[in-house]
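Each chain is listed here by its residues.
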Amino acid sequence: MQIQFLGGAGVNGDTAELAVGRPVMISAVAIDDNDQPVQPSDATYAWTWPSWLPTYPEGYDWPADAQQTQFNATADLVGKIAEVSVTITAKNGQKASKSLKCTIVK
């Protein structure tokens, strides 16, 4: 199984630029061994990200098992790199993990 990251402006393959004050949603899509997309209802998602990276809306506690999450970088974080990771487990037992390197920019 493979994972692809999709998202708003700034998400490109395995990297993303998170611009200050511009919330970015990041979604993870799993592709099974038969090159077919895994439906979100047929998988679980386990996301991790640094505690210093603020989610959006501010204070919203995105559930870790959601297919997507959203971040809103702040000016004090410019230049930092956040590693956002997801592990997807399909109901058929296939499992994959992938990380997205997010650079905070102005």
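Worth saying up front: this structure is predicted, and the values here are computed from it rather than measured. (Residues numbered from 1 in each chain as written. Predicted model: local features only at pLDDT ≥ 70, side-chain atom pairs only at ≥ 80, totals over all residues. Heavy atoms only, no water.)

Caption draft 1: Structural context of the environment of Leu53. Take Leu53: it is sitting in the loop between strand E5 (43-48) and strand E6 (68-71). Not counting the four nearest positions on each side in its chain, Leu53 is found in contact with Leu18, Phe71, Ala82, Val84 and Ile104. (Helix = DSSP H or I, 4+ residues; strand = E, 2+ residues; numbered from the N terminus. Contact = heavy atoms within 4.5 Å.)

Caption draft 2: Summary view of the side chain of Asp32. Locating Asp32 in the fold gives a position in the loop between strand E4 (24-31) and E5. One buried charged residue, Asp32, remains without a salt bridge, the closest side chain of opposite sign being Lys91 at 14 Å. With sequence-adjacent residues up to four places away left out, Asp32 is seen in contact with Met1, Val38 and Gln94. (Buried < 20%, exposed > 50% of the residue type's maximum accessible area, 1.4 Å probe, protein only. Lys, Arg positive; Asp, Glu negative; His and termini not counted. Salt bridge = Lys/Arg side-chain N within 4 Å of Asp/Glu carboxyl O.)

Caption draft 3: Quick look at the side chain of Ser85. You can see Ser85 is positioned in strand E7 (residues 81-90). Here the side chain of Ser85 touches Ser99 through a polar contact of 2.7 Å, side chain to side chain. Discounting residues that sit within four places of it in the chain, Ser85 has contacts with Ala46, Trp47, Thr48, Lys98 and Ser99. (Polar contact = N/O pair within 3.5 Å; in protein donor to acceptor, adjacent residues only side chain to side chain.)

Caption draft 4: Broad picture of the sheet that holds E6. One open sheet holds the three strands; their spatial order is E1-E4-E6, and the pairing between them is antiparallel. Every interior strand has two partners, whereas the edge strands, strand E1 (2-7) and E6, have only one. Each neighbouring strand pair of the sheet contributes to a mean axis angle of 25°, computed without reference to strand direction. With six bridges connecting them, E1 and E4 associate as antiparallel partners. Bridge pairing links Ile3 to Ala30 in E4. (Pairing = 2+ DSSP bridges. Axes fitted to C-alpha atoms, helices over the stretch in contact; angles between N-to-C directions.)

Caption draft 5: Fine view of the packing of aromatic side chains. The full count for this structure, using the stated rule, is two aromatic pairs. With a centroid separation of 5.4 Å and 75° between ring planes, the pair formed by Trp49 and Phe71 is classed as edge-to-face. Pair noted here: Trp49 is in the loop between E5 and E6 and Phe71 is in strand E6, with a separation of 22 residues, a long-range link. Accessibility expressed as a relative area gives 1% for Phe71, which makes it buried. The residue whose ring lies beneath Lys80 is Trp52, and the NZ or CZ to ring-centre distance is 4.3 Å. (Phe/Tyr/Trp six-rings, centres within 6.5 Å; stacked < 30°, edge-to-face > 60°. Lys NZ or Arg CZ within 6 Å of the ring centre and 35° of its normal.)

Caption draft 6: Geometry of the pattern of salt bridges. Scanning all chains against the criterion turns up three salt bridges. A salt bridge links Lys98 to Asp14, with the shortest nitrogen-to-oxygen separation between them at 3.0 Å. Note that Lys98 is positioned in strand E8 (residues 95-105) and Asp14 in the loop between strand E2 (11-12) and strand E3 (15-19), a separation of 84 residues in sequence. Judged by relative accessible area, which is 40%, Asp14 ranks as partly exposed. Put simply, Lys101 and Glu83 hold a salt bridge, and the shortest N to O gap is 2.9 Å. With Lys101 in strand E8 and Glu83 in strand E7, this pair connects stretches of sequence that are 18 residues apart.

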